[in-house]
Structures are given as C-alpha cells and as structure tokens.
Amino acid sequence: MLVIRSSGWLCLVLTALMVSAAFSAQAGEKIVIAHRAASGYLMEHNLPSVALAVGMGSDYIEQDLVMTKDDQVIVLHDPTLARVTNVAEVFPGRNRADGKFYALDFTLAEIKRLRLREPYSNIGNGQGRFPDTGQNLQLSIPTFREELELIRGLEKTMRRDIGIYPEIKQPWLHRKEGKDISMAVLKILREYGYTTKIDKIFVQCFDPDELKRIHDELFPALGMDLKLTQLIDDNNGNETKTLEWGEWVNYNYDWILSKSGLRAASAYISGIGMDKSMLVDGAGNLLRPTLIDDAHQLGLVVHPYTFRREKESLPSYAPSFEALLEFFYFKVGVDGVFTDYCGDAVLFLESRPDAPAPRSAAGEILPSQPVVSPESPEPPRLPQTPPIRPASAPEPEPPAAPVAPAVIKPLPTTVPAAPSGAVVPDTRLPILITGPEPGDQPAPAAAPADRRSR
Ligand code: CA
C-alpha cells in the first residue's frame, strides 16, 4: 500500500515537473504558427498546404474548425463556403436568405464536391499569392480527422513533434443550430491522443464563456486538460456574440485586457491571442504597455495575428516582413505569431539570435542588442530592423545613429475588473507619447488592410 501511495506521489511530482518544464520551455521560445497552414504559399486549409507548412518547419499548424450538417468537423475558416470554394456554381440556390452558403447546411459528401480556390490571388494584397488556376488543382476542404491523420504520419516520417493550433469557430452560431462544436472537436482530439498540457497543442477560441466551459466541464468529463488560448477581438468584431435581452450582441472584451481580468482568465487559459493592431498602433507605439509583461507574469504566452509579407500589409514602421517580425518578436516581446508566411518566419528566427530584447517594467521599448559569442567575434547577420520612432518622423539617413526609442506612459484607465454585460468605455488608447503628440500628424489607420482574418 505504501509502495502504491509512494508511486502515486512520484507520478504526481513527475507530472508536475513535466508540466512545469513544458511551460518554462514555451515561455522562452519563439514560435511560428502557420496561419491556415501555408496559406501565403498555397491555398488555405487543405492537405498539401499543411504538408508544405510542416516541411517549412512551422512549430504549429492552425486549423479553423466548423461543423457540417451531418455533424462532421471540417477545416474551414469561415462558417460559410463562398469565399474559398465554387459552392455557388455547384449548389445554386442553397444559400440562406442572407445570400450566404453556410457549411452547416451541407453534408460532408456535398462539401467534398467543392473545389478550393485562392481567395486573394486577384484582389487586395494578393500579389504573390498562388495563382488561381481555375481550380485545376482539385483541392478540397479536409476534415479535421484527415488533417490530424496527415500530421501524425508526418510526425513519424519526419521524426519530430508537430504542434497543432485548432480554433473552435463561433460556438454561439453552432449552438443556435443545435450543435456542440467544442465537444465534437475535443472528442476527435482525444481520439488522436491529445489529452494533456504537455501535448503540443493549443486550443483557441474567441468565446471566453466557451473556453471556461471547456476547462471546467468538458475537460473533466472527457479526462482531458489541454492548453487553451483566449483570442481577443475588438468590440466591433463579430467573432463572438452573446444573447442579451433576447438580442445577439458583440462580446465586450475590455475586462480581459486588465491585469485583474487576465489573472481571472489565467485560471483556465495558457495564452492569449489578438490582432497585432491591438498591441501596437500604426506608428509603432505600444498601445498596452504592460499587457505582455502582465501575461508573462501570469504564465501566459502571447500569440498575435496575422503577419503577412505583402507591402500592403506592412505597417509604416516596418519596411519589410523581417523587420515586422523583429519588432514583434524581440521588441514588443511576443512569444509567437500567426503568419501566412510560415516559411519566411522560420528562416527569420533561424537567422536571429535567441535573445529577448530588454524591456523596462514600465513598458518602455528599448533597442535590442546583437548577441556576440566570445568564441565568435563576428556579429551575427541580422535582418534590417527599423528603429522605433514616431510615424511622422522623417526617414533616417542610412549612416545615422539609431533614433531614440519612443517612451510610452500609461494613462489611468477605467477597465472593469470583471466581465459584465454593460458597455464600458473603449480603453484602446491608454497612452501618452513623449515627443510628437498623436494629434500632430494623422496616424495611419490602426487596422491595416489585413484585418480580414483571424
Ligand atoms: Ca483562426
């Protein structure tokens, strides 16, 4: 009996050590999350795109998940099909009154008849995207099981762990249709062996109530305990809606952006993710100077989205994709990024010394210093990084010394400590910037053209 009890304690201690080691490793790592697989190089969310993202060395592959009419879980970003498939041609008239073709209205067999197309090849910032071939590639929407099957197989042949980052899309919409998407997703994950926090997986969702339900109810019921990432939308987004007084209204995320809110959420989440424009304004200034430190102190990782290399997607403070990555990874201090260009991001991290930039407790951004090994006096090759400066400043002369960093001071805010249905003031801009005032020069739009996605 004593032996059994001792081994039980030993198991507990070993498990705790393993979980602790897993967390500490993640806290120091910079990771690349392949946003919708290798979506910058091939069409989003299909098996060849997954294989490409894995082959390029991505740490995690993202899956956006929705359900079909016959309760299958498929990998599709939108709840509707028209943006990425030929559904309107194959199934004319199967749209709802709002004109949209919902995946929830089609069986898996019907969805398998659809062919994928590159939605960004001819519009917006689609230059350099995979040329639309008139769907000659015959790519189709994969099921979640098919994608996991592929990844598990590649883990074996490539002899490495491949992380997955599934997103449970719009539980509220599925619930309206009588479907429990979270339960369906978790059962598939358990089937494929994802059951503990040390497994290489983050489950992400925009719905805080649903994540809490997953943590408090579904995990215990299924014998699982995975890392959860709370996605944070701006309050004008449509990602999560709550029913108030009989009306579906946008979820108000303000509470979770306070330290007390983060602390409350840290009881059930392991990370947070948000659009990068919620962290940094169009001029390169931190909008929430303490958020990332607060998150790290609570053991949470920060994974913003979506990083793209097209010129139209680059903010004014980043002259290149690599400069943008340098800025967010090593100056803002995020732990990972969702990017369409996973291969470029992997190459960037491989070229970059693993040295987090020093950041003061007050949130002031300091210039990072190259790390030079004593054995190797040659400084490492670094991509060109923009100095942090107000957007209104003139372009620096090439030989000039780096411009002094912008100093950011937090203003008092009135962020509520806990969620409530009441509308609270927008706390999006709790900063003062020494030097030019924000009003001196019209700042670029906070939300660049790439706000199309999550
Ligand atoms: Ca997503």
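Structure shown above.
These notes cover the structure that comes with them. Quick caveat: nothing in here was measured; it's all calculated off a predicted structure.

One can describe the packing of helix H2 (residues 47–55) onto helix H5 (residues 144–158) by two numbers: an axis separation of 10 Å at closest approach and a directional angle of 30°. For the element pair H2 / H5, the angle class is roughly parallel. Every pair of crossing elements has a handedness; the one defined by H2 and H5 is right-handed. Of the residues in H5, those in contact with Leu 47, Val 50, Ala 51, Val 54 and Gly 55 of H2 are Glu 146, Glu 147, Leu 150, Ile 151, Leu 154 and Met 158. The residue inventory of the contact of H2 with H5, partitioned by class, reads 8 nonpolar, 1 polar and 2 charged.

Before going further, it helps to examine the nonpolar core. Residues Ile 61, Leu 189, Ile 272, Leu 279, Phe 328, Tyr 329 and Val 334 are the most contacted members of the largest nonpolar core, which totals 95 residues. For this core, the leading source of residues is helix H11 (residues 321–332), giving 9 residues. Once residues lying within four places of it in the same chain are set aside, the contact partners of Phe 328 are Lys 276, Leu 279, Val 280, Phe 307, Tyr 317, Gly 333 and Val 334. Ranked by size, the runner-up nonpolar core spans 17 residues in total, among them Ile 74, Val 84, Phe 101 and Ala 103.

Moving on: the environment of Gln 297. Position of Gln 297 relative to the elements: it lies in helix H10 (residues 291–297). Separated by 34 residues in the primary sequence, Gln 297 and Arg 263 place their C-alpha atoms 9.5 Å from one another.

Counted under the stated rule, the structure contains 17 aromatic pairs. Considering the side-chain rings of Tyr 165 and Phe 202, the 5.1 Å spacing of their centres and the 15° angle between planes classify their relative orientation as stacked. Here Tyr 165 is found in strand E4 (residues 163–168), whereas its partner Phe 202 is found in strand E5 (residues 202–205), with 37 residues between them in sequence. Assessed through its relative accessible area of 0%, Tyr 165 is described here as buried. Aromatic side chains Tyr 329 and Phe 348 sit 6.1 Å apart centroid to centroid with 15° between the ring planes, which places their arrangement in the stacked category. Taken together, the residues span a long stretch of sequence, with Tyr 329 in helix H11 and Phe 348 in helix H12 (residues 342–351) at a distance of 19 residues. You'll find Tyr 329 and Phe 348 in the same group, each marked buried. In this structure, Lys 227 is placed above the aromatic ring of Phe 202, and the distance from its NZ or CZ to the ring centre is 5.1 Å.

What follows concerns the packing of helix H7 (residues 181–191) against helix H8 (residues 208–222). At their nearest, the axes of H7 and H8 sit 11 Å apart, and the two run at 45° to each other. Considering their axes alone, H7 and H8 lie oblique with respect to each other. Of the two elements, H7 crosses H8, and the hand of that crossing is right-handed. Contact residues: H7 offers Ser 182, Met 183, Leu 186, Lys 187 and Arg 190, while H8 offers Glu 210, Arg 213, Ile 214, Leu 218, Phe 219 and Leu 222. When its residues are assigned to classes, the contact of H7 with H8 shows 6 nonpolar, 1 polar and 4 charged.

Further remarks concern H2. Of the residues making up H2, those classed as buried are Ser 49, Val 50, Ala 53 and Val 54. Buried residues of H2, seen end-on, are gathered within an arc of 140° and therefore sit on one face of the element. The inward-facing, buried residues of H2 contact strand E1 (31–34), strand E2 (60–67), H5 and H12. By the N-cap criterion, in which a side-chain oxygen at the helix start approaches the backbone nitrogen of a residue two or three places on, H2 is capped by Asn 46, the distance to Ser 49 being 3.1 Å.

Parameters at a glance
In this numbering scheme, every chain counts its residues from 1 along its sequence in written order. Restriction of local features to residues with pLDDT of at least 70 applies here, the model being predicted, together with a cutoff of 80 or more for giving and counting side-chain atom pairs; totals for whole chains, interfaces and linings are based on all residues. The basis for every side-chain value is the complete set of heavy atoms in the structure, and neither hydrogens nor water enter the calculation. Axis geometry follows a simple rule: fit a line to the C-alpha atoms, using only the stretch in contact for helices, then measure angles between N-to-C directions, giving values from 0 to 180 degrees. Only DSSP runs of H or I covering at least 4 residues are called helices, and only runs of E covering at least 2 are called strands; the numbering of each starts at the N terminus. Working rule for angles: under 35 degrees goes down as roughly parallel, over 145 as roughly antiparallel, 65 to 115 as roughly perpendicular, anything else as oblique. Helix crossings are classified by the rotation of the near helix relative to the far one: an anticlockwise turn of less than a right angle makes the crossing left-handed, while a clockwise turn makes it right-handed. Here, residues are in contact when the closest pair of their heavy atoms is within 4.5 Å. By the convention adopted, Pro, Cys, Tyr, Trp, Phe, Met, Ile, Leu, Val and Ala count as nonpolar, Lys, Arg, Asp and Glu as charged, and the other residues, Gly among them, as polar. Residues belong to one nonpolar core when they are buried, are Ala, Val, Leu, Ile, Met, Phe, Trp, Tyr or Cys, and are joined through side-chain atoms within 4.5 Å. Each residue is assigned to one of three classes by its accessible area relative to the maximum for its type, calculated with a 1.4 Å probe on protein chains only: buried under 20%, partly exposed between the two thresholds, exposed over 50%. Aromatic pairs are defined between Phe, Tyr and Trp rings, using the six-membered ring for Trp, whenever the two ring centres lie within 6.5 Å; interplanar angles under 30 degrees are classed as stacked, those over 60 as edge-to-face, and all others as tilted. Note on criteria: charge over ring means Lys NZ or Arg CZ within 6 Å of the ring centre, with the direction from the centre no more than 35 degrees off the ring normal. Picture the helix axis, draw a direction to every C-beta atom, and the arc is the one those directions span. Distance and chemistry together define a polar contact, namely a pair of N or O atoms within 3.5 Å, with one atom able to donate a hydrogen and the other to accept it when in protein, and with adjacent residues in sequence counting only for side-chain atoms on both sides.

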